[in-house]
There are 2 protein chains.
Amino acid sequence: NHVLVLGHGDLTEPILEELTGKSDVLILTGNEERTRRLSERGFTVLTADPSDEDSQHRARVESARAVVVATNNDAEDALAILTARQLNPEVTIVAAATQRENVNKLKRAGADTVISPATLGAHFLAESALGSTGVEELERRLMEGEPSEEDAEAQTVLDDEDET
Amino acid sequence: NHVLVLGHGDLTEPILEELTGKSDVLILTGNEERTRRLSERGFTVLTADPSDEDSQHRARVESARAVVVATNNDAEDALAILTARQLNPEVTIVAAATQRENVNKLKRAGADTVISPATLGAHFLAESALGSTGVEELERRLMEGEPSEEDAEAQTVLDDEDET
Ligand SMILES: [Ca+2]
Ligand SMILES: [Ca+2]
């Protein structure tokens, strides 16, 4: 009954922060250096190709409460979603489309919810520019879970590496 | 009483779509090719350095209802915000931090609201993974303003160029 995170990229990092303390999390990444760093920070990580059937089976996709797919590479994300959907037709799969035009492709691959951070950000910025005040309330809620300076530094280091 | 958009990048594009029909918009970009394409699509564009005092004066920052600063380059954004805040102490300035750790810097530069699309996207994906259904409602609202295939293609072409 864990959240299974397939691959690790810029966007996965704040997701991990949000999930911490709220659910068991298991991360699958093909990058050994990322595995080492994430393990040092206390995360449970398996080093294996996130879109591979055997890897996902070892990561117990069949018993996951949800699957998160949010690397910077939407093509890799699509493959990982197709595999997860095949192995577990019932699980909730949520995904992030790095390019806006890939939202529908990731849905067709089997994701239940696909977010485009660019579209979301644009929506709230436009509302804010036009005078909506709801954005500040949302911001305040988000700031409560804002990363510390040290987290931001760790993130910067990770940003320099290749992903998945 | 226009929304002044300082610079043009990946994130500015969906903001322009959201603002279209809701407010007069004036875009300031240093990139002539972007000016040409945006003009062809019916936007009002000035080709000039978005962080320059004289450019912002010509773009009537003093009478703008809001200023939007959301290129992919947070350092350029900071400069543009500092200039706009100096020329118009009262205007609402909204900005997007491409790197999460720059949120507070853009605020210190003078922005009233700073959004981190990555933090926003992570927030909604994590909520969705943990079983919140509010995300789907939000998604539905956003999908109503989703870009057409042609828009997505125009965006892809623009993505290949340098920004601001
Ligand atoms: Ca992605
Ligand atoms: Ca930015």
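Before reading on, note that the structure itself is shown above.
Fair warning: this is a prediction, and the values are worked out from it, not measured in the lab.

On to the coordination of the calcium ion (ligand 2). Residue and element names in this part refer to chain B. The coordination sphere of the calcium ion (ligand 2) contains the protein donors T71 (O), D74 (OD), D77 (OD), A96 (O) and T98 (OG1), at a distance range of 2.4 to 2.9 Å. Spacing between the donor residues of the calcium ion (ligand 2) along the chain follows T-x2-D-x2-D-x18-A-x1-T. Of the two residues, T71 is situated in the loop between β4 (66-69) and α4 (74-87) and T98 in the loop between β5 (92-96) and α5 (103-109); the sequence distance between them amounts to 27 residues. The exposure class assigned to T71 is buried, which follows from its relative accessible area of 3%. Assessed through its relative accessible area of 39%, T98 is described here as partly exposed.

Across all of its chains, the model carries one aromatic pair over all chains by this definition. Ring geometry for A:F124 and B:F124: centres 6.3 Å apart, planes at 0°, overall stacked. Of the two residues, A:F124 sits in helix α6 (residues 117-129) while B:F124 sits in helix α6 (residues 117-129), which places them in two different chains. We note that A:F124, like B:F124, is buried.

Right, let's get into the coordination of the calcium ion (ligand 1). Residue and element names in this part refer to chain A. Around the calcium ion (ligand 1), the protein supplies T71 (O), D74 (OD), D77 (OD), A96 (O) and T98 (OG1) as donor atoms, at distances of 2.4 to 2.9 Å. If you list the donors of the calcium ion (ligand 1) from N- to C-terminus, the spacing comes out as T-x2-D-x2-D-x18-A-x1-T. With T71 in the loop between β4 (66-69) and α4 (74-87) and A96 in strand β5 (residues 92-96), this pair connects stretches of sequence that are 25 residues apart. Both residues of the pair, T71 and A96, count as buried.

A few words now on the sheet that holds β5(A). The six strands are arranged β3-β2-β1-β4-β5-β6 (chain A) in an open sheet whose pairing can be described as parallel. Looking along the sheet, the strands with just one partner apiece sit at the ends: β3 (44-47) and β6 (113-115) of chain A. The average angle at which neighbouring strand axes cross in this sheet is 20°, direction not considered. Relative to β5(A), β4(A) is paired through four bridges, and the arrangement is parallel. Following the sheet pairing, A:V67 is matched in β5(A) by A:I93. Each of β2 (25-29) and β3 of chain A touches helix α2 (residues 32-40) of chain A; the most contacted strand, β3(A), lies at about 165° to it. Along the sheet, α6(B) makes contact with β4, β5 and β6 of chain A, crossing β5(A) at roughly 175°.

So, on to the side chain of B:N102. You can see B:N102 is positioned in the loop between β5 and α5. Not counting residues within four places of it along the chain, the set of residues in contact with B:N102 comprises B:D74 and B:A97.

As a working rule, side chains carrying opposite charge can pair if their charged atoms are close by. All names here are of chain A. What the rule picks out here adds up to 13 salt bridges over all chains. Note that R41 and E13 form a salt bridge whose closest N and O atoms lie 2.4 Å from each other. Taken as a pair, R41 in the loop between α2 and β3 and E13 in helix α1 (residues 12-19) lie far apart in primary sequence, 28 residues in all. By relative accessible area, R41 is classed as partly exposed at 34%. Each of E33, R36, R37 and E40 takes part in a single network of salt bridges with overlapping partners.

On to the sheet that holds strand β1 (residues 3-6) of chain B. Taken together, six strands build an open sheet; the order of strands is β3-β2-β1-β4-β5-β6 (chain B) and the sheet is parallel. At either margin of the open sheet sits one strand with a lone partner, and together these are β3 (44-47) and β6 (113-115) of chain B. Adjacent strand axes in the sheet meet at a mean angle of 20° when their direction is disregarded. Across four bridges, strand β2 (residues 25-29) of chain B lies against β3(B) in parallel orientation. Looking at β3(B), one finds that B:T29 is bridged to B:T47. The strands touched by α6(A) within the sheet are β4, β5 and β6 of chain B, with β5(B) carrying the most contacts at an inclination of about 175°. Relative to the sheet, helix α2 (residues 32-40) of chain B contacts β2 and β3 of chain B, its axis offset from that of β3(B) by approximately 165°.

The rules behind each value
Residues numbered from 1 in each chain as written. Chains lettered and ligands numbered in written order. Predicted model: local features only at pLDDT ≥ 70, side-chain atom pairs only at ≥ 80, totals over all residues. Heavy atoms only, no water. Donors = N, O, S within 2.8 Å, 3.2 Å for Na, K, Ca; no water. Helix = DSSP H or I, 4+ residues; strand = E, 2+ residues; numbered from the N terminus. Buried < 20%, exposed > 50% of the residue type's maximum accessible area, 1.4 Å probe, protein only. Phe/Tyr/Trp six-rings, centres within 6.5 Å; stacked < 30°, edge-to-face > 60°. Pairing = 2+ DSSP bridges. Axes fitted to C-alpha atoms, helices over the stretch in contact; angles between N-to-C directions. Contact = heavy atoms within 4.5 Å. Salt bridge = Lys/Arg side-chain N within 4 Å of Asp/Glu carboxyl O.

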